[in-house]
Amino acid sequence: MDENCIFCKLANGVFSTNVVYEDDDFTAFLDASPAAEGHTLIVPKKHVANAFELPDDLGAKVYPVVKKVAARQKEVLGCDGVNVLQNNGPAAGQTVFHFHVHVIPRFDGDGVMKDWDHLELSDDKQKEICDKLKF
Ligand code: AMP
Ligand code: ZN
């Protein structure tokens, strides 16, 4: 646990919060400043800053928790869908530097998340980018 990290303290019960799910590796609690009612954060108990540092075993375990939380939101809140969102680094909007996955309940036409601007890239440009990124 990182003594200076608020999510370490919330995920490990040092500070109380609105916990909706907990297992050996993760705590899921309500976002304190939610985009929508029920907006939940899934947080590993171990301090990991972001997805770049996420160990593969935790990475493999996180999506089953996402599915559980999302299914619960759908069942209880009656939402039509969910956004699953995970920010890495300030440039990507990360503000709390302990890995977390947002699960945001969505209703048809609620306007909660705005679509991004879509670039129009040529086929050549796409191919160039693909060649660089390809493993
Ligand atoms: P991100 O911008 O992806 O790093 O998301 C951080 C999220 O943590 C934001 O949606 C905040 O509202 C939320 N947050 C910050 N502090 C707390 C807290 N003490 N308890 C619950 N959620 C928090
Ligand atoms: Zn932490």
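Structure shown above.
Residues numbered from 1 in each chain as written. Chains lettered and ligands numbered in written order. Predicted model: local features only at pLDDT ≥ 70, side-chain atom pairs only at ≥ 80, totals over all residues. Heavy atoms only, no water.

### Considering the coordination of the zinc ion (ligand 2)
Here is the rule: A 2.8 Å cut-off from the metal defines N, O and S donors, relaxed to 3.2 Å for Na, K and Ca; water is not in the atom list, so some sites may appear incomplete. Donor angles set the geometry label: tetrahedral for four donors if every angle is between 85 and 135 degrees, square planar for four and octahedral for six if opposite donors exceed 155 degrees and the others are between 65 and 115, irregular for anything else. Helix numbering and strand numbering both begin at the N terminus, where a helix is a DSSP run of H or I of at least 4 residues and a strand a DSSP run of E of at least 2.
Around the zinc ion (ligand 2), the donor atoms from the protein are Cys 5 (SG), Cys 8 (SG), His 47 (ND1) and His 98 (ND1), and they sit 2.0 to 2.3 Å away. What the four donor atoms of the zinc ion (ligand 2) show is an angle range of 104 to 116° at the metal, which sorts the shape as tetrahedral. Mapped onto the sequence, the donors of the zinc ion (ligand 2) take the spacing C-x2-C-x38-H-x50-H. Note that Cys 8 is positioned in helix α1 (residues 6-11) and His 47 in the loop between β3 (40-44) and α2 (56-77), a separation of 39 residues in sequence.

### Some points on the pattern of salt bridges
Stated precisely, the cut-off is as follows: Salt bridges are counted wherever a side-chain nitrogen of Lys or Arg sits within 4 Å of a carboxyl oxygen of Asp or Glu.
For the structure shown, the criterion picks out six salt bridges. Where Asp 25 meets Lys 61, a salt bridge forms, and the shortest distance between an N and an O atom there is 3.2 Å. One end of the pair, Asp 25, is in the loop between β1 (19-22) and β2 (26-30); the other, Lys 61, is in helix α2, with 36 residues separating them in the sequence. Between Lys 127 and Asp 131 there is a salt bridge whose closest N-O contact spans 3.1 Å. Note that Lys 127 and Asp 131 are positioned in helix α3 (residues 123-133) at a spacing of four residues, about one turn of the helix.

### What to know about the site of ligand 1
Applicable threshold: By convention in these notes, a residue is near a molecule or strand provided one of its non-hydrogen atoms lies within 4 Å of it. We call two N or O atoms a polar contact when they sit within 3.5 Å, provided that within protein one can donate a hydrogen and the other can accept it, with sequence-adjacent residues counted only if both atoms are side-chain atoms. Surface accessibility follows the Shrake-Rupley procedure with a 1.4 Å probe radius. Residue values consider only the protein chains on display as shielding. Each residue gets one label: Ala, Val, Leu, Ile, Met, Phe, Trp, Tyr, Cys and Pro are nonpolar, Asp, Glu, Lys and Arg are charged, and the others, such as Gly, are polar.
Neighbouring ligand 1 are 15 residues; Asp 31, Asn 87, Gly 93, Thr 95 and His 102 lie closest to it. Contact distances for ligand 1 include 3.1 Å between a nitrogen atom and a backbone N or O atom of Ala 32. A distance of 2.7 Å separates an oxygen atom of ligand 1 from a polar atom in the backbone of Thr 95. For ligand 1, the accessible surface in isolation is 500 Å², of which the surrounding protein chains cover 78%. Within the residue set of the shell around ligand 1, elements represented by two or more residues are α1 and β2. Taken together, the residues of the shell around ligand 1 sort by class into seven nonpolar, seven polar and one charged.

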